[in-house]
Amino acid sequence: MTDPEAALGLLVQHALAEEFGGEFAAADPLIRPSGFADYQSNVAMSLARRLGRPPREVADLIAKGLDGASAVQTAEVSGPGFINITLRDSWLAEQANGQLADSRMGVATAGQRQRVVVDYSGPNVAKELHAGHLRPTVVGDAIVRVLEYLGHDVTRAAHLGDWGTPFGMLIEHARDVGEQATYDQLAAGDFTAFYQAARAKFETDPAFADRSRRRLVELQAGEPQSMQLWRLLVDDSMAYLRTLYARLGITLTDADMAPESFYHPMLADVNAELEERGLAVISDGALCTFPPGFTGRDGRPLPLMLRKSDGGYGYDTTDLAAIRYRLRDLGATRLIYVVGSEQHQHLEMVFETARQAGWLTGGASAEHAVIGLMTGPGGQRLKTRSGEQVKLADLIDEAVERAGKVIADRYDDPQQRSQIAEAVGIGALKYGDLSVARASSYVLDFNQLLGLTGNTGPYLQYAAARIRSIFQRADLDPARVTGPIQLGTPAERALALQLLGFGRAVSDTAATAEPHKLAGYLFDVASAFTTFYEQCPVLTAEGETRVSRLALCALTLRVLTTGLSLLGIPVPDRM
RNA sequence: GCCCCGAUAGCUCAGGCGGAUAGAGCGACUGCCUCCUAAGCAGUAGGCCGCAGGUUCGAGUCCUGCUCGGGGCGCCA
């Protein structure tokens, strides 16, 4: 155990049991970081009423119980009953050495291995990813990486839009311009122009719109030429997505695409099952299910539309088929939907229906990891149709360009320069989106998102690069450093204490599916390191101090590089 | 009309299951490269935590009401 917070919790619980009886051993010890000591426990005040004794008296007894523990230097009661706890340097150093020797740096694998499906990114066939895709993509990927690091069995699922109404339109347009011209245009990555041309025709030419609708019916019936053109659109889109995901360091592969068409053969059966269970009724000519607790205008119950009055299927049915497949066929015990906030009600209805249908039972959970809405400069919603979307690829280019300007005169080798710019630009971009709570809505602001100073990705990368530089100068391999770590100065102590919180930061991130917690933790690590770096010379130190500081550097480097890799942020060797 | 989310420093945001003096970054201002990378460090200024009640020993945090903003509400996804 390297986590001081957990260790102190056990000590406090032990003291509670000793002083007040075993029934208090399970009480939350309420350990919090403190401005007055390393940690404080607020448990005395919370238990005072139950114990029928004044909180200060309770606190005194607990503090007395902590006395003499090897971990505890001092435990002092103050205020209404706070217990301020300062850890012993020797104990902290021992924990840090344990963390250094541990290949997982104190990150415990999950006690119970879960099968988790993470639905994220939300790409569409024949549409470029735009700036709004950044967060659901980057956040989802970080969640996946963290869960896998904890030993969970994770299935990535990008719900690829490849089967809806627009495809009749797109295929008909492809027929009009010819297969070769379509191929050429899409191979160049110019989906937006292709899509917009089709859309414009669809809206202005009734005959084309009519053909498009018939084409969709043929497609969904599996007519060969329609399928062939559809395949072309899908393949080109996949190639585009592969390239962009690779550049962004997103771990989604072709096999992780969970396209709508995949669920198409299941839709009739899903509906049959819901009808059989008495959950589906005909309403206004459409087959609907009305999960309890959802009402719309006029207080009428809200439906999920299982089959439209024209016999077609919409996305409600696809989502139900997907959740059934994930729970029943994949055997998932946790579902995480990394999806925009505007879909919240829809997803809650899907979850409720899955419960009613008996797919989502007590042993499994489904959660909506809400992604806030990105807006334009005026707080207005960005509209796809008017083309005011910023392409994700352009956003990446801009990020890399800005990073490149900073080092324009720094490295002679242009290849090295561009590699660093790429890593730093993408690091800035991803960290910018990962460091704020995913649910907060936000305005797309390049200066905000692509900043290179302060609490940014490059700050963390820079700390790692400085550490690497130390080892390079010393001609040492940081992986071979064994310490021991000894804690002398306040900066060394503060850094060690910060590093020991790594496991907690990772498990908190996994539990809440909130990568900004890990990002915030890593910033604190980098910040503690930078203070240490300013105050504690490493290479010019001598003897045990030098050994200890090198070890502290090595441990910091490992925590930073591991943490950044869990966020999906590249770590350049030099900056 | 109903439901969901939000409102914290000039700007962008953190704030665990209710704990002491509400924290970062950017921007502003003052200093710091003879010294392991200044994408950095040290410091200063900047707050009616939207408003009003309530619960509590204690509220940015929980409850109620209100104001403002965003989103959703049957055959688009």
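Visitor: Which parts of the structure should I look at to understand the overall build of chain A?
Guide: For chain A, the helix and strand inventory stands at 22 helices and 13 strands. Referenced to the eigenvectors of the C-alpha coordinate spread, the extents of chain A come out at roughly 85 × 70 × 40 Å. A sequence separation of at least 24 residues applies to 74% of the contacts in chain A between residues at least 6 apart. With the model as given, the accessible surface of chain A reaches about 25,200 Å², and the carbon-plus-sulfur share is 49%. Separation of charge centres in chain A, based on 55 positive and 70 negative side chains, amounts to 1 Å.

Visitor: Sorry, what's going on with the pairing of strand E3 (residues 72-78) here?
Guide: Two faces, one strand: in a regular strand the side chains alternate between the faces of the sheet. Inspection of the sheet shows E3 paired to strand E4 (residues 82-87) by six bridges, in the antiparallel sense. If you follow Ala75 over to E4, its bridge partner there is Ile85. Joining the antiparallel neighbours E3 and E4 is a turn of three residues, in which Gly79 adopts a positive phi near 60°.

Visitor: Is there a simple way to think about the protein's contact with RNA strand B in this case?
Guide: Around RNA strand B, 69 residues are found, and the nearest of them are Asp28, Phe82, Asn84, Lys308 and Tyr315. Separating a sugar or linking oxygen of RNA strand B from a side-chain N or O atom of Glu534 is a distance of 3.4 Å. Elements with a contribution of two residues or more to the surface near RNA strand B: strand E1 (31-33), helix H2 (43-51), E4, strand E8 (286-289), helix H14 (344-356), helix H16 (414-434), helix H18 (457-474) and helix H21 (515-535). In terms of residue count, H18 provides more of the surface near RNA strand B than any other element does, seven residues in total.

Visitor: Got a minute to help me understand the pattern of salt bridges in this structure?
Guide: Oppositely charged side chains may form a pair once their charged atoms are brought near each other. By the definition in use, this model includes 37 salt bridges. In this structure, Arg53 and Glu57 form a salt bridge, with 3.1 Å as the shortest nitrogen-oxygen distance. Exposure remark for Glu57: the relative accessible area of 34% places this residue in the partly exposed category. Of the charged contacts, one joins Arg277 and Glu273 as a salt bridge, the two residues approaching to 3.4 Å between their closest N and O atoms. Within this structure, Glu172, Arg175, Asp176, Lys201, Arg211, Arg215, Glu218 and Glu223 form a network of salt bridges that share partners.

Visitor: Just to check I follow, could you spell out the sheet that holds E1 for this structure?
Guide: Think of a sheet as strands paired side by side through backbone hydrogen bonds, with each pair either parallel or antiparallel. The antiparallel open sheet is built from four strands, whose spatial order is E1-E2-E4-E3. Bordering the open sheet on either side are E1 and E3, each of which pairs with just one other strand. The average angle at which neighbouring strand axes cross in this sheet is 30°, direction not considered. Relative to strand E2 (residues 39-41), E1 runs antiparallel, the two being bridged by three bridges. Note on E2: the bridge partner recorded for Ile31 is Ser41.

Visitor: Sorry if this is basic, but what is going on with helix H19 (residues 490-499) here?
Guide: Because an α-helix completes one turn every 3.6 residues, residues spaced three or four positions apart along the sequence face the same direction. Most of H19 is tucked away, with seven of its 10 residues classed as buried. Within H19 the residues assigned to the buried category are Ala491, Glu492, Arg493, Leu495, Ala496, Leu497 and Leu499.

Visitor: Help me out: how do you make sense of the sheet that holds strand E5 (residues 115-119) in this one?
Guide: Read across the open sheet, the four strands follow the order E6-E5-E10-E11; overall the sheet is parallel. Of all strands in the sheet, those bounded by a partner on one side alone are strand E6 (153-157) and strand E11 (365-371). Mean inter-strand twist for the sheet, computed between neighbouring axes without regard to direction, equals 20°. Pairing of E5 with strand E10 (residues 334-340), which is carried by four bridges, proceeds in the parallel orientation. Its bridge partner being in E10, Val118 is matched across the sheet by Ile336. Contacts between helix H13 (residues 315-329) and the sheet are confined to E5, E6 and E10, with E10 contributing the most and set at about 155° to the helix.

Visitor: Sorry if this is basic, but what is going on with the confidence of the model for chain A here?
Guide: Low-pLDDT portions of the prediction should not be read for the details of their coordinates. Summarising the model, chain A shows a mean pLDDT of 93, and 98% of its residues fall at 70 or more. Confidence metrics for the complex model read pTM 0.96 and ipTM 0.96.

Visitor: Any chance you could explain the side chain of Glu273 here in plain terms?
Guide: Following the sequence through the fold, Glu273 ends up in helix H12 (residues 267-276). Judged by relative accessible area, Glu273 falls into the buried class, the value being 15%.

Visitor: Just checking my understanding: could you explain unusual backbone geometry for this structure?
Guide: Generally, phi is negative for residues other than glycine and the peptide bonds are trans, each holding for most cases. Along the chain, Gly483 connects to Pro484 via a cis peptide bond; the corresponding omega equals 10°. Within the secondary structure, Pro484 is located in the loop between H18 and H19. Unlike most non-glycine residues, Ala126 shows phi in positive territory, near 65°. On the secondary structure map, Ala126 appears in the loop between E5 and helix H5 (134-149).

Visitor: Teacher, can you tell me more about the domain arrangement of chain A here?
Guide: Buried accessible area, meaning the area lost when the parts come together, often serves as the stated size of an interface. When its domains are assigned, chain A resolves into domain 1 (4-87), domain 2 (166-256) and domain 3 (457-567). For domain 2 versus domain 3, the separation of C-alpha centres amounts to 48 Å.

Visitor: Any chance you could explain the state of the cysteines here in plain terms?
Guide: By definition, a disulfide is the covalent link that joins the sulfur atoms of two cysteine residues. Taken as a whole and judged by the stated rule, the model has zero disulfides. Free of any disulfide, Cys536 has its nearest cysteine sulfur in Cys553, 9.2 Å distant.

Visitor: What exactly am I supposed to notice about the environment of Val217 here?
Guide: Its place among the elements puts Val217 in helix H9 (residues 206-220). Considered as a pair, Val217 and Leu287 are 70 residues apart in the sequence and their alpha carbons are 19 Å apart.

Visitor: How should I be thinking about the side chain of Thr289 in this particular structure?
Guide: By the element assignment, Thr289 lies in strand E8. For Thr289, a relative accessible area of 1% translates into the label buried. The residues touching Thr289, leaving out its near neighbours within four places in the chain, are Leu279, Leu302, Pro303, Leu304, Leu306 and Thr353.

Visitor: Is there a simple way to explain the nonpolar core in this structure?
Guide: One recurring pattern in soluble globular proteins is that nonpolar side chains are buried together. Of all hydrophobic cores here, the largest spans 150 residues; its most connected members are Ile62, Val118 and Leu518. With residues near it in sequence (within four places) discarded, Val118 still touches Gly140, Ile143, Val144, Leu147, Val154, Thr155, Arg156, Ala157, Ile336 and Val338. Core analysis: the next-biggest nonpolar cluster, separate from the first, contains 33 residues, Leu274, Phe294, Leu327 and Ala364 among them.

Visitor: It is not clear to me how the packing of aromatic side chains should be interpreted in this structure. Could you clarify?
Guide: Two aromatic rings are characterised by how far apart their centres lie and by the angle between their planes. Evaluation of the coordinates by the stated rule reveals 11 aromatic pairs. Aromatic pair Tyr459 and Phe523: ring centres 5.2 Å apart, planes at 45°, arrangement tilted. One end of the pair, Tyr459, is in helix H18; the other, Phe523, is in helix H21, with 64 residues separating them in the sequence. On the basis of an interplanar angle of 25° and a centroid distance of 6.0 Å, the ring pair of Phe502 and Tyr521 is categorised as stacked. Note that Phe502 is positioned in helix H20 (residues 502-512) and Tyr521 in helix H21, a separation of 19 residues in sequence.

Cut-offs applied
- Here the residue numbers are simple positions, counted from 1 along each chain's written sequence.
- All chains are assigned letters beginning at A, and all ligands numbers beginning at 1, according to the order in which they are written.
- Residue-level local features of this predicted model are given only where pLDDT is at least 70; pairs of side-chain atoms are given and counted only at 80 or more, and the full residue set underlies all totals for whole chains, interfaces and linings.
- To obtain the side-chain values, all non-hydrogen atoms of the structure were included, while hydrogens and water were left out.
- Each helix is a run of DSSP H or I of at least 4 residues and each strand a run of E of at least 2, with the numbering of both proceeding from the N terminus.
- Contacts were defined at the residue level, with two residues in contact if any of their heavy atoms lie within 4.5 Å.
- Only the protein chains shown count as covering a residue, and every accessible area follows the Shrake-Rupley method with a 1.4 Å probe.
- By the counting scheme adopted, Arg and Lys are positive, Glu and Asp are negative, and His together with the chain ends is not counted.
- Working definition for charges: the position is that of NZ of Lys, CZ of Arg, CG of Asp or CD of Glu.
- DSSP-based pairing: two strands are paired if at least 2 bridges between them are found.
- Nearness here has a simple test: a residue counts as near a molecule or strand if at least one of its heavy atoms is within 4 Å of that partner.
- We call two N or O atoms a polar contact when they sit within 3.5 Å, provided that within protein one can donate a hydrogen and the other can accept it, with sequence-adjacent residues counted only if both atoms are side-chain atoms.
- Whenever a carboxyl oxygen of Asp or Glu lies within 4 Å of a side-chain nitrogen of Lys or Arg, that contact is scored as a salt bridge.
- Exposed residues in this analysis have more than 50% of their type's maximum accessible area, buried residues have under 20%, and partly exposed residues fall in between, with area computed by a 1.4 Å probe over protein chains only.
- Axis lines are fitted to C-alpha atoms, over the contacting stretch for helices. Their N-to-C directions set the angle, which ranges from 0 to 180 degrees.
- The predictor's confidence in any single residue is recorded as pLDDT, a number from 0 to 100.
- Note that domain bounds follow an automatic or database assignment of domains.
- A pair of sulfur atoms, both from cysteines and within 2.5 Å, is called a disulfide here.
- Side-chain atoms within 4.5 Å link the members of a nonpolar core, which is a set of buried Ala, Val, Leu, Ile, Met, Phe, Trp, Tyr and Cys residues.
- Any two rings among Phe, Tyr and Trp, with Trp reduced to its six-membered ring, count as a pair given centres within 6.5 Å; such a pair is stacked if its planes are under 30 degrees apart, edge-to-face if over 60, and tilted if neither.

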